[in-house]
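Structure assessment
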Amino acid sequence: MQIQLDALTIMVRPSNESQVQRFLPRRRPSGTDNFGNLFRDTTLAGQQLVAEELERHGFADLRPALLAVAQHVGADGTRVTELAARTWLTKATVVRAVDELERLGYVTRKPDPTDRRAKLVTTTARGRAAERVARDAIADMRDAWGELIGEDEMTALETGLRRLRSALWPQT
């Protein structure tokens, strides 16, 4: 969109516009606003919004069920058994997801240099590109939600969650 004011032209780009509408949840929360549901509902909303952003950027085949596994693949690769532990899924379920992720070009398997019997699941260039889109979507979602509730409140929420994380996992 262009607005002409005498000799001044102002270009309005989507990045300058509010992102709040784009990052509003598509589903209603379920249950009451108890502590557990507050975490669950915002997490599910965030996951859905990230999946939609991935789809918008050409990663429509990276379904939420696959994201549940793919998001836990480490930079240096991760064994299937570790992926199963991180995702709370059975090893068989993770193997099926990794098979699909590999078929779609997001991950590959390579020998584990520390144990020649084991394989590491590693991300491919396509997987890293999808991860960048997801990280950008999360940053945009954070900004949009900050605009929605106020930047001070969003900062306080992040600070509180960081303190809780440190208290729950003091060694990390």
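All values reported here derive from a predicted model rather than from experimental measurement.

Rules of the game
- Residues numbered from 1 in each chain as written.
- Predicted model: local features only at pLDDT ≥ 70, side-chain atom pairs only at ≥ 80, totals over all residues.
- Heavy atoms only, no water.
- Salt bridge = Lys/Arg side-chain N within 4 Å of Asp/Glu carboxyl O.
- Helix = DSSP H or I, 4+ residues; strand = E, 2+ residues; numbered from the N terminus.
- Polar contact = N/O pair within 3.5 Å; in protein donor to acceptor, adjacent residues only side chain to side chain.
- Contact = heavy atoms within 4.5 Å.

This part is about the pattern of salt bridges. The tally for this structure, following the rule as stated, stands at 18 salt bridges. Between Arg126 and Asp61 there is a salt bridge; the shortest N-O distance is 3.4 Å. Note that Arg126 is positioned in helix α5 (residues 125-149) and Asp61 in the loop between α1 (35-56) and α2 (64-70), a separation of 65 residues in sequence. Across the pair Glu151 and Arg142 runs a salt bridge, and its minimum N-O distance is 2.7 Å. Several salt bridges share partner residues, and in doing so they unite Arg22, Glu53, Arg56 and Asp140 into one network.

Next up on the list: the side chain of Asp112. Within the element layout of this structure, Asp112 appears in strand β3 (residues 107-112). A polar side-chain atom of Asp112 sits 2.7 Å from a polar atom in the side chain of Thr114. Dropping the residues within four chain positions of it, Asp112 is found in contact with Arg79, Ala118, Lys119 and Leu120.

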